[in-house]
Amino acid sequence: MKAIRRFTVRPVLPESLRPLQDLARNLRWSWHHETRELFRAADPEGWRPADFDPVRLLDAMSAGRLAELARDEEFLARLADVSENLREYLDGPRWYQNRLAQGAELPAAIAYFSPEFGVTAALPQYSGGLGILAGDHLKAASDLGVPLIGVGLLYRHGYFRQTLSRDGWQQEHYPVLDPNELPLTLLRETDGTPARVVLALPGGRSLHACLWLARVGRVPLLLLDSDVEENAPGERDVTDRLYGGGSDHRLLQEMLLGIGGVRAVRTYCRLTATPDPEVFHTNEGHAGLLGLERIRELAGEGLDFDSALEVVRAGTVFTTHTPVPAGIDRFDRQLVARHFGEGGELPGVGVERILRLGRETYPGGEPDLFNMAVMGLRLAQRANGVSTLHGAVSREMFSGLWPGFDPAEVPITSVTNGVHAPTWVAPEVLRLGVRHFGADRTRDALAGGEVAGERRAGTPRRWDAVTAVPDREIWDLRRVLREQLVTEVRKRLYASWRRRGAGTAELGWIDDVLDPDVLTIGFARRVPSYKRLTLMLRDRDRLRELLLHPTRPIQIVVAGKAHPADDGGKRLVQELVRFADDPRVRHRIVFLPDYGMAMAQKLYPGCDVWLNNPLRPLEACGTSGMKAALNGCLNLSVRDGWWDEWFEPDFGWAIPTADGSAVDEDRRDELESNALYALIEDRVAPRFYDRGGEGLPERWIEMVRRTLVTLGPKVLAGRMVREYVERLYAPAARARRALVPEVARELADWKARVRAAWPKVSVDHVEAVTDTAAGGSAELGSTLALRVRIALGGLDPDDVEVQVVAGRVDSGDAIADAQVFPLKPAGGHDLEGRWLYEGPLALDRTGPYGYTVRVLPAHALLASGAEPGLVALPTEATGEGAGVLMR
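Since this is a predicted model, take the numbers as computed values, not measurements. (Residues numbered from 1 in each chain as written. Predicted model: local features only at pLDDT ≥ 70, side-chain atom pairs only at ≥ 80, totals over all residues. Heavy atoms only, no water.)

> Could you clarify how one ought to interpret the nonpolar core in this entry?
A general trend in soluble globular proteins is that nonpolar side chains are found buried together. Counting 106 residues, the largest nonpolar core has Leu519, Met536, Ile556, Leu636, Trp653 and Trp700 as the members making the most contacts within it. In this view, Trp700 contacts Trp475, Leu519, Asp608, Val609, Leu634, Trp653, Val684, Arg687 and Phe688; residues no more than four positions away in its chain are not counted. In terms of nonpolar packing, the next biggest core, distinct from the first, is built from 96 residues, Ile149, Ala195, Val336 and Leu784 among them. (Core = buried A, V, L, I, M, F, W, Y, C linked by side-chain atoms within 4.5 Å. Buried < 20%, exposed > 50% of the residue type's maximum accessible area, 1.4 Å probe, protein only. Contact = heavy atoms within 4.5 Å.)

Shown next as structure tokens:
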């Protein structure tokens, strides 16, 4: 029989053990080694069966064992120490508080919205890199004391669990998650009733959601859950699974995340007396509707739409993670209009104004679609990509929103992702650091304190201390980690084959899978086509030769999930699995199903080389190689994402790419796979197996050392979060504070006036004088005296900035490496209403050189001149605006 209702019966802890509940309910245990070891000691036999989850461990512990622990003085002393450490961590000043004490202007709070959060395997609310990044962002913010509030959805099925059929086809399973069995607490009103947020839906329906709270160290994470009794069956399923359902389902999820998320934040702040956020950070466009809810709030306080929009934009940060348009959520305009029209959400906010925010107005855009990333950019004054290369790709990708500007000037910056070292560094690596450098110094290095300039003068850099670790210790550590991976792989491979239908008698060969002394390469990630899971299979005979080399063999561990709706990705998984099933090579290459955080924490440390071979430049960042690097694993990667900006031959290898439109897809894959095979055969494997007098691969160990010393401080999430605080959050908070209602109205009125006048703004005449100009040439070091007449269309000179843009030119007269120089007004306007601007242009470069003149709107509250998307340029009839050549 099936139960009609499910609930959880929890043990009653003795008074002396009550602190265990607080430790288990704060997810800091997921990255705090001492807390995890305390729970392991509480029940060594039950720790693994509980999947290393303290909540499940406590729920399963017997009353007898709890009574034993309550009498164990040594355990109680450890419990007191760990509890006090958590209290100090939660209450003591950290980097952010120290910056405030030094007078820094920082936001009182920041709300961070993401559709997924990968904090720990015990809270499976993530699918891949976006969620893991969000989880690392929260954990690093906690370590730094940044007052962040995380906002997401609680998916009752999470993301799918992956198994394989006998013939290697991916199969998906969606286990039901009970929030009462997760490290979550239901947020309640002061009268004890569950807190709720409500959204209006078409047809008089409502969408209710309760709020679950996860404690991520110092950071609260609010997760909205629609599986509540007040909802009809369809609405109860809104938060059923991550990235599931059709367009209507996804829109409801994103309405709940964005609009409901803002209401959840307001509820949490009201109930806990937490300061309201001054900055809202949307991690990808899925949560972009939060800006519309904030406009609605401000409209209720008396601001018109345009003024409210300026306030919202000032305090919003938008991070894009996709380098391809196909990765962006786009909805039919009529679907959006139906949910925000009569009887729908956001009363008082015009539907047409909402639709205009997501409209693809650029060439090639589809006007009938509502683009969530486009809306995100229009609702945020500050936007960024997640690596330097991705920033450039994003500026190109979204340049149509800023017509008239070169992609380099599109106002999208970049903050390169980082990873949370305490989560991803293996305990064995941590212990090596503590043994050589002490616990405090090791902890500070992993937090990245030196990156923020906190290192005292005269003290050695924390990561440089790795140079003092003997070669033998590094090599022995690497073998221990590799041996642990071999054990883990065999265990998981055996379980996978059993689920595929194999009997015990068939699986004796698994005892010989992988070798702890063989060069081990790892490849694990989601399986969209651009990540090229099967590039390594391009020449199967050559791969077999590498795997079975008599003196320099390699072994490869592969993992990854294809999206449930992506049959092409599933075929790639099957192709890899079938190759790995071949009895000739199955001891040297394995595919592990159900890739997730728990597997990753074993996989990264145990590999010697981390392989990444995406189609460049389609990998926005790709943080798996960062996690591997923190454990002394070397990267072998296409120069894409973060590897493009930080690659050095001292600590890894770059796979050459066949870029260019002249190379078709098949030929490109052939060239790049051959380059990959050659690198492994000629450089990677020989360096690993080249042993010195003591039997150590000295050059390999030196590369491991350089990886830790040079890459270590760069790839940290602490560095990343500091950059967000200093470059994006703090300026956004200052901009938001400046926009009091009367200033917001003034700015909105000014923008409206400028837009109305802009069609009449023009560059009417440009002339340049130099004493040495002759025959289209000028001498290095000479100066052009520029005189420009500008029609302002009724605007004042204070409303604009007139600029010279100059630099080297190509054969098509396009300016590269441009420099920008302002011109100054030189008197009033003439009888035709044109204003004269003048200024010098120093010719400080040789070769073909050119310039142009442009007019931009100018206002003290603009984040950049490109922000309004308005520019006036010379026409062919303007005069001498074509420029000057210099030889």
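Back to the text.
> Even after reading the chapter, I still don't get the sheet that holds strand β19 (residues 634-638), so can you show me in this structure?
The strands making up a sheet are joined through hydrogen bonds of the backbone, oriented either antiparallel or parallel. Spatially, the six strands line up as an open sheet ordered β17-β16-β15-β18-β19-β20, and their pairing is parallel. Each edge of the open sheet carries a strand with a single partner, namely β17 (589-592) and β20 (652-655). Each neighbouring strand pair of the sheet contributes to a mean axis angle of 20°, computed without reference to strand direction. Each of β15 (519-524), β16 (554-559), β18 (609-612), β19 and β20 touches helix α26 (residues 665-689); the most contacted strand, β20, lies at about 165° to it. Packing against the sheet, helix α27 (residues 698-711) makes contact with β15, β18, β19 and β20, and its axis sits at approximately 80° to β19. (Pairing = 2+ DSSP bridges. Helix = DSSP H or I, 4+ residues; strand = E, 2+ residues; numbered from the N terminus. Axes fitted to C-alpha atoms, helices over the stretch in contact; angles between N-to-C directions.)

> What should I look at first to understand the side chain of Glu488 in this one?
Along the polypeptide, Glu488 turns up in helix α20 (residues 471-499). Overall, Glu488 belongs to the buried group, its relative accessible area being 10%. In contact with Glu488, other than residues within four places in its own chain, are Arg48 and Lys602.

> Can you walk me through the packing of helix α11 (residues 290-300) against helix α12 (residues 305-314) in this structure?
For any two helices packed against each other, the geometry is given by the interaxial angle and the distance between the axes. Contact geometry for α11 and α12: axes closest at 9 Å, N-to-C directions at 125°. With respect to α12, the element α11 is oriented oblique. The way α11 lies across α12 gives a crossing that is right-handed. Here Gly291, Arg294, Ile295 and Leu298 of α11 come into contact with α12, specifically with Phe305, Ala308, Leu309, Val311 and Val312. (Parallel < 35°, antiparallel > 145°, perpendicular 65-115°, else oblique. Left-handed = near helix turned anticlockwise from the far one by under 90°.)

> For this particular structure, what's the right way to read the sheet that holds strand β25 (residues 834-842)?
Pairing within the open sheet is antiparallel, and its six strands lie in the order β21-β22-β25-β24-β23-β26. Strand pairing shows two members of the sheet lacking a second neighbour, β21 (762-769) and β26 (849-857), which therefore form its edges. Going from strand to strand, the sheet's axes swing by 30° on average, the running direction of each strand aside. When strand β22 (residues 783-791) meets β25, the two strands line up antiparallel, connected through nine bridges. Bridge pairing links Ala785 to Pro840 in β25.

> Where do I start with the packing of aromatic side chains in this structure?
To describe a pair of aromatic rings, you give the distance between the ring centres and the angle between the ring planes. Taken as a whole and judged by the stated rule, the model has 18 aromatic pairs. Aromatic side chains Trp424 and Tyr604 sit 5.7 Å apart centroid to centroid with 70° between the ring planes, which places their arrangement in the edge-to-face category. Of this pair, Trp424 sits in helix α17 (residues 421-424) while Tyr604 sits in helix α23 (residues 597-606), and the two are 180 residues apart along the sequence. When its relative accessible area of 2% is taken as the criterion, Trp424 is described as buried. By relative accessible area, which is 2% here, Tyr604 ends up buried. Among the aromatic residues, those joined into a ring-pair cluster are Trp475, Trp653, Phe688, Tyr689 and Trp700. The ring of Phe523 has Arg525 lying over it, and the distance from NZ or CZ to the ring centre is 4.5 Å. Positioned above the aromatic ring of Phe688, the side-chain terminus of Arg691 is 5.4 Å from the ring centre. (Phe/Tyr/Trp six-rings, centres within 6.5 Å; stacked < 30°, edge-to-face > 60°. Lys NZ or Arg CZ within 6 Å of the ring centre and 35° of its normal.)

> Explain the pairing of strand β4 (residues 170-173) to me, please; I cannot follow it from the model alone.
Remark: a regular strand shows side chains that alternate across the two faces of the sheet. The pairing of strand β3 (residues 161-164) with β4 spans four bridges and is antiparallel. The residue of β4 that forms the bridge with Leu164 is Gln170. Between β3 and β4, which follow one another and run antiparallel, lie five residues, and Gly168 among them has a positive phi close to 90°.

> I keep staring at the state of the cysteines and nothing clicks. Help me out?
One way to say it: the disulfide is the covalent bond shared by the sulfur atoms of two cysteines. Summed over the entire model, instances satisfying the criterion amount to zero disulfides. Cys621 takes part in no disulfide bond, and the closest cysteine sulfur, belonging to Cys633, lies 16 Å away. The exposure class assigned to Cys621 is buried, which follows from its relative accessible area of 2%. Here Cys633 stays unpaired: no disulfide links it, and the sulfur of Cys607, its closest cysteine neighbor, is 5.7 Å away. Assessed through its relative accessible area of 0%, Cys633 is described here as buried. (Disulfide = S-S within 2.5 Å.)

> Please clarify how the environment of Arg845 should be interpreted in this entry.
By the element assignment, Arg845 lies in the loop between β25 and β26. Along the chain, Arg845 and Pro649 lie 196 residues apart, while their C-alpha atoms are 32 Å from each other. Within the structure, Arg845 has its side chain in polar contact with the backbone oxygen of Asp817 (distance 2.9 Å). A distance of 3.0 Å separates polar atoms of two side chains, one belonging to Arg845 and the other to Gln819. (Polar contact = N/O pair within 3.5 Å; in protein donor to acceptor, adjacent residues only side chain to side chain.)

> Would you take a moment to explain the confidence of the model for the chain for this structure?
Low-confidence regions, as indicated by low pLDDT, have predicted coordinates that should not be scrutinised in detail. Taken as a whole, the chain shows an average pLDDT of 92; of its residues, 95% reach a score of 70 or greater. Counting contacts from residues 450-460, a segment whose pLDDT is below 50, to residues more than four positions away or on other chains yields 15 contacts. Low confidence marks residues 880-887, where pLDDT is under 50. Its contacts with residues over four positions away, or in another chain, come to 34 contacts. (pLDDT = per-residue confidence, 0-100.)

> Hey, could you run me through helix α29 (residues 741-757) in this one?
Given 3.6 residues per helical turn, the α-helix brings residues three or four places apart onto the same face. If you check α29, its first and last C-alpha atoms are 24 Å apart, about what 17 residues at 1.5 Å a residue would give, namely 24 Å. Elements in contact with the buried residues of α29: α12 and β26. (Expected span 1.5 Å × (residues − 1).)

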